[in-house]
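Listed below, chain by chain, are the residues.
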Amino acid sequence: MAAFEDTNGYRIILQWMEDKGNYPFKFQVDTWKKFGNGYSGMVIAPTGFGKTFSVFLALISDFLSHPERYGTGLKMIWVTPLRSLAKDIAKAMQEAMDEIGLDWVVGVRNGDTDPKVRQQQVKSMPEILVVTPESLHLLLAQKNHERFFKNLHCIAVDEWHELLGSKRGVMIELGIAQLKKYVRKLKIWGITATIGNLDEAMEVLIPYDIKKAKITAKEHKKIDILPVFPDEIEILPWAGHLGAKMADKIVPIILNSRSTIVFTNTRSQSEMWYQLLLDAYPDFAGQLAIHHSSIDAHLRIWIEENLSNGKLKAVVSTSSLDLGIDFKPVDTVIQIGSSKGVARFLQRAGRSGHSPFETSRIYCVPTHSLELIEVAALKEAVKQKVIEPREPQVLCFDVLVQFLMTLAVGDGFMPDEVYSRVKQTFAFRDINDEEWKGMLEFLTIGGSVLKSYEEFHKVVITDEGLYKVTSRKIAMLHRMNMGVIVSDAMLKVKFISGGYIGMIEEYFISRLKKDEKFILAGRTLEVAMIKDMTVFVRAASGKALVPSYLGGRLPLSSNLSVFLREKLSGALNPKASEKELKFLHPLLARQEERSHIPKDDEFLVELIKNREGYHLFMYPFEGRLVHEVMAALIAYRISKLAPISFSMAMNDYGFELFSDKEIPLNEENLNRILTRDNLMTDVISSINAAEMASRKFRDIAVISGMVIQNYAGKQRSNKSLQSSAGLIFKVLEDHDPNHFLVRQAYTEVFNIQLQEPRLVEAFRRIENSRIILKYAKTFTPLSFPIKIDSLRQTLSSEGLDARIQRLLQQANRSG
DNA sequence: GACCTGCTGCGGTATG
């Protein structure tokens, strides 16, 4: 295989890829050599640059050049976050092997792998093994697993940006730390899309003091961002999210494209848009599909295949198609509503024109008028290449507990030796001795509080000091519950005649009245019966409800917020290129006339008095999540001035406090209400942190193995999980409030739920802004959408008692 | 008058 020596090998592989119609990511020759010279590192390029395959070939060429250096068996581990990616990359790798004429085997090991293949692999590992983070840990949970890695040379982590910010990323960090025990000179490579914190991303994956290289694509991905305007501004609703009226505008876009992905933000929205498109253009029947996480996996695979081979004209989807196989025929992407962030926007745009030579085309369809400003903001952010960072998770003790159990289930571990390795990871570099001691105690006797419960005595210490699981049952349950993804329990939906359709939330079905129909995967269904967590249905027709799911909310990224405020600030005098802002002019003019358009260094507060009562609006543009906390905080601070209770509403741009009493707010005290002083103390007083932590603790309890989710194929219901986790949380909080898992729950509440760093930053900005207080008689273009939101749901700051009292008084008065 | 939402991802097996 001398042909692969040095630069020659580089050229041959490039040629070979081009002959195959692939688009190689062109490493420089000196870069190419780094793969062979013992470097670790990070490769950064947009999707569609063939970076995955290029890295693979670069690593392989090293093996080929010096076959004598490598023994038999497993040489390379390839980690992908998705099972579906694993299948495809392994196939491509195997093809390459065959063509190069090397009899290496590429194996896949994950939940889809046939048990027979699994057994075979244990007997004789393939040369290259493609795994998920979870499967990697499952390997480490096997007895005598060290032998698998005897000749391991390198590990590559694909789509690292996807894993970095999550607990799955922490799993990778720990997995690599363990592999480094077996392979001292392990090469570690990460592959990532562009994100805001590339240096940190590399530091997290490779915190070790070894030769490192960062390799960035020079070529840039071309993107066409095309806003879709309605014929008149009146057609755009002032609030809302569906954007139904835009369907007629979208049909021709789909017809003029080869193949289109229509991205929506929620599962129910995708179901509705599927219907809207079919209604608008019935000939789409059979060429249109729908794809989201609650749809049966088989159906989703079928859709993905038909998207790849060009048989589908369009697919309406959620984030479920954000990642995945290259859908070559897709030349157009449509984003319905806000993409909420620059990185997600680029990711979705990159699904079309999937090659460095093609231009990605993405149409932005606003679902309400203010979203047009967001399009302008996105364009600017993309132009300036300001992409969100992925914040690495640190000190996730639940993941560490699980990892230690994994080792204990495998060959057992010596605490001091593991501790020194764990401390080298990015996630646990700040762990202290006390926390570590607590963790060991937790594994062996359940800690001081739970020690009287036998079930928490999982790990035994042998005479040699080895921490080990001896119970087969405990070992089995651990293997079955490995991973850090805690899913909500949902009901399966099956045809009574057979055939699985997807999943639905329990509460949606429970609220469904007799004879009411619902829609799933684009089909109208009626309930025949419910048995064993399964809803049996039959096909129906006519009016039907679209289920909603209690999913996570996509927060508006702070990057996008910055550009949003900037664009709004200059909205009345747009640049010639900003069609979006010109289109919005009538609406913006009205905002300026009735109230004010906040400039870059201003913070707008509106007080509106009308027949209903008194409304206070504030516009931080920090996204719903932050506004939720801010609204509670401001309500709390005002209520300290004078007893008053509010109902609250919010959207991504601002929030409302509403009261039937006059709000005691004026130019003088407004600064005090918006101060950064005592910020977190007031936040804690204004929310129920203990309740939030208790809810967060549910996931922690599952991941750390305190509450078992899967018992031999049976999944426990949501309620039962929550109640046992809640019980444990209460016991711990009462008797050991400093417990490392309790502390973690609070940290997660502050960092994730309350977004403390972002909140603090927002208040710092407000403090440095000029505060503009405006009184208005009617709702303004900015306030109206929030008011609409409050009609849907009202959160109340007042206690239940006070509220009942007031309702009673009202009732008495009117009676 | 304008409207009616809330993402994604994973996962058993031992031994002669």
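Residues numbered from 1 in each chain as written. Chains lettered and ligands numbered in written order. Predicted model: local features only at pLDDT ≥ 70, side-chain atom pairs only at ≥ 80, totals over all residues. Heavy atoms only, no water.

(A) Local environment of the overall build of chain A. A tally of regular secondary structure across chain A gives 32 helices and 28 strands. For a compact globule of 815 residues, the expected C-alpha radius of gyration is about 28 Å, and chain A comes in at 28 Å, within 12% of that figure. Along the first, second and third principal axes, the C-alpha atoms of chain A reach 85 × 65 × 60 Å. Per-residue burial over chain A gives 56% buried out of 815 residues. Here the contacts in chain A between residues at least 6 apart in sequence split such that 74% fall between residues at least 24 apart. Summed over all atoms, the accessible surface of chain A reaches about 35,400 Å², with 51% contributed by carbon and sulfur. In chain A, 104 positive and 98 negative side-chain charges are present, and the distance between their average locations comes to 2 Å. (Helix = DSSP H or I, 4+ residues; strand = E, 2+ residues; numbered from the N terminus. Rg over C-alpha atoms; globule rule 2.2 N^0.38 Å. Buried < 20%, exposed > 50% of the residue type's maximum accessible area, 1.4 Å probe, protein only. Contact = heavy atoms within 4.5 Å. Areas by Shrake-Rupley, 256 points an atom, 1.4 Å probe, with all protein chains shown as cover. Lys, Arg positive; Asp, Glu negative; His and termini not counted. Charge placed at Lys NZ, Arg CZ, Asp CG, Glu CD.)

(B) Geometry of the packing of aromatic side chains. As enumerated under the stated definition, the model contains 21 aromatic pairs in all. Summarising the aromatic geometry, the rings of Phe53 and Phe56 are spaced 5.6 Å apart at their centres and angled 35° between planes, so their arrangement reads as tilted. Of the two residues, Phe53 and Phe56 both sit in helix α3 (residues 51–65), three residues apart, roughly one turn of that helix. For the pair formed by Phe53 and Phe56, the shared burial category is buried. Each ring, one from Phe442 and one from Phe740, has its centre 5.8 Å from the other, and the planes form 80°; the classification is edge-to-face. Placement of Phe442 in helix α17 (residues 433–445) and of Phe740 in helix α29 (residues 740–753) is noted, with a sequence separation of 298 residues between them. Taken as a pair, Phe442 and Phe740 share a single burial class, namely buried. Members of the aromatic cluster, connected to one another through ring pairs, are Phe27, Trp32, Phe35 and Trp189. Over the aromatic face of Tyr208 sits the side chain of Lys180, whose NZ or CZ is 4.8 Å from the ring centroid. (Phe/Tyr/Trp six-rings, centres within 6.5 Å; stacked < 30°, edge-to-face > 60°. Lys NZ or Arg CZ within 6 Å of the ring centre and 35° of its normal.)

(C) Highlighting the nonpolar core. Counting 128 residues, the largest nonpolar core has Phe149 and Met706 as the members making the most contacts within it. In terms of residue count, helix α15 (residues 397–409) provides more of this core than any other element does, ten residues in total. Leave out the neighbours within four places in its chain, and Met706 touches Phe442, Leu450, Phe456, Lys458, Phe697, Ala701, Ile728, Leu732 and Leu741. Formed by 52 residues, the second largest nonpolar core is a distinct cluster that contains Leu370, Ile597, Ala649 and Leu782. (Core = buried A, V, L, I, M, F, W, Y, C linked by side-chain atoms within 4.5 Å.)

(D) Structural context of the packing of helix α6 (residues 133–140) against helix α8 (residues 167–182). Orientation of α6 relative to α8, taken along the N-to-C sense of each, is 35°, at an axis distance of 9 Å. Where α6 crosses over α8, the two elements pack in a sense that is left-handed. Contact with α6, carried on its side by Pro133, Glu134, Leu136, His137 and Leu140, involves Arg168, Met171, Ile172, Leu174, Gly175, Gln178, Leu179 and Tyr182 of α8 and no other residues of that element. Grouping the amino acids of the contact of α6 with α8 by side-chain chemistry returns eight nonpolar, three polar and two charged. (Axes fitted to C-alpha atoms, helices over the stretch in contact; angles between N-to-C directions. Left-handed = near helix turned anticlockwise from the far one by under 90°. Nonpolar A, V, L, I, M, F, W, Y, C, P; charged D, E, K, R; others polar.)

(E) Structural detail: the domain arrangement of chain A. If you check the domain split of chain A, you get domain 1 (4–216), domain 2 (223–383), domain 3 (397–485 + 688–753), domain 4 (490–539) and domain 5 (595–687 + 755–814). Domain 1 and domain 3 are separated by 30 Å when their C-alpha centres are compared. Facing the 24 residues of domain 1 at the interface are 28 residues of domain 3. Taken over both partners, the interface formed by domain 1 and domain 3 buries close to 2,200 Å², and the fraction arising from carbon and sulfur atoms is 65%. Taken together, the connections running from domain 1 to domain 3 amount to four salt bridges. (Domains from an automatic or database assignment. Buried area = accessible area lost by both parts, 1.4 Å probe. Salt bridge = Lys/Arg side-chain N within 4 Å of Asp/Glu carboxyl O.)

(F) Focus on unusual backbone geometry. The backbone phi angle of Glu159 is positive, close to 50°, even though this residue is not glycine. Its place among the elements puts Glu159 in the loop between β5 (154–157) and α7 (160–164). Positive phi, normally seen in glycine, also occurs at Lys385, with a value near 55°. Secondary-structure assignment places Lys385 in the loop between α14 (371–383) and α15.

(G) Representation of the sheet that holds strand β19 (residues 523–531) in the model. Across the sheet, five strands lie side by side as β17-β16-β20-β19-β18; this open sheet has mixed pairing. Sheet topology places β17 (500–504) and β18 (517–520) at the edges, where each strand pairs with a single neighbour. Taken over all neighbouring pairs, the strand axes of this sheet differ in orientation by 45° on average, direction set aside. With four bridges joining them, β18 and β19 adopt antiparallel strand pairing. Along β19, the bridge assignment pairs Leu520 with Arg523. (Pairing = 2+ DSSP bridges.)

(H) Inspection of the environment of Asp224 at higher detail. Tracing the sequence through the fold places Asp224 in strand β8 (residues 222–227). Residues Asp224 and Thr359 lie 135 residues apart in sequence; the distance between their C-alpha atoms is 6.9 Å. Asp224 has contacts with Thr359, Ser360, Arg361 and Ile362, leaving out every residue within four places of it along the chain.

(I) Focus on the pattern of salt bridges. Counted under the stated rule, the structure contains 29 salt bridges. Linking Glu622 and Arg565 is a salt bridge whose minimum nitrogen-to-oxygen distance equals 3.5 Å. Residue Glu622 is found in the loop between β22 (614–618) and α24 (624–641), and its partner Arg565 is found in helix α21 (residues 558–569); the two are separated by 57 residues along the sequence. Just as Glu622 is buried, Arg565 falls in that class too. Arg770 serves as the salt-bridge partner of Glu602, at 2.8 Å between the closest nitrogen and oxygen. Of this pair, Glu602 sits in strand β21 (residues 602–609) while Arg770 sits in strand β27 (residues 770–776); the two residues are 168 residues apart in sequence, bridging distant segments of the chain. Through salt bridges with shared partners, a single network forms among Glu380, Lys567, Lys575 and Glu578.

(J) Focus on the UniProt feature "domain: Helicase ATP-binding" (unreviewed entry) in chain A. The positions UniProt marks with the feature "domain: Helicase ATP-binding" (unreviewed entry) are residues 32–213. Segment residues 32–213 splits into 46% helix and 16% strand. End C-alpha atoms: 11 Å apart. (UniProt positions renumbered as here; feature names shortened; annotations may be inferred.)

(K) Representation of helix α26 (residues 679–686) within the structure. For α26, the set of buried residues is Leu679, Met680, Asp682 and Val683. Buried residues along α26 cover an arc of 160° about the axis, so they all sit on one side. Contacts from the buried residues of α26 go to α24, α29 and α30 (756–767). (Arc of directions from axis to C-beta.)

(L) Broad picture of the sheet that holds strand β9 (residues 260–263). Taken in spatial order, the six strands line up as β8-β13-β12-β9-β11-β10 in an open sheet, and their pairing is parallel. The sheet terminates laterally at β8 and β10 (288–291), the two strands that pair on one side only. Each neighbouring strand pair of the sheet contributes to a mean axis angle of 20°, computed without reference to strand direction. Bridging between β9 and strand β11 (residues 314–317) involves four bridges; their strand directions are parallel.

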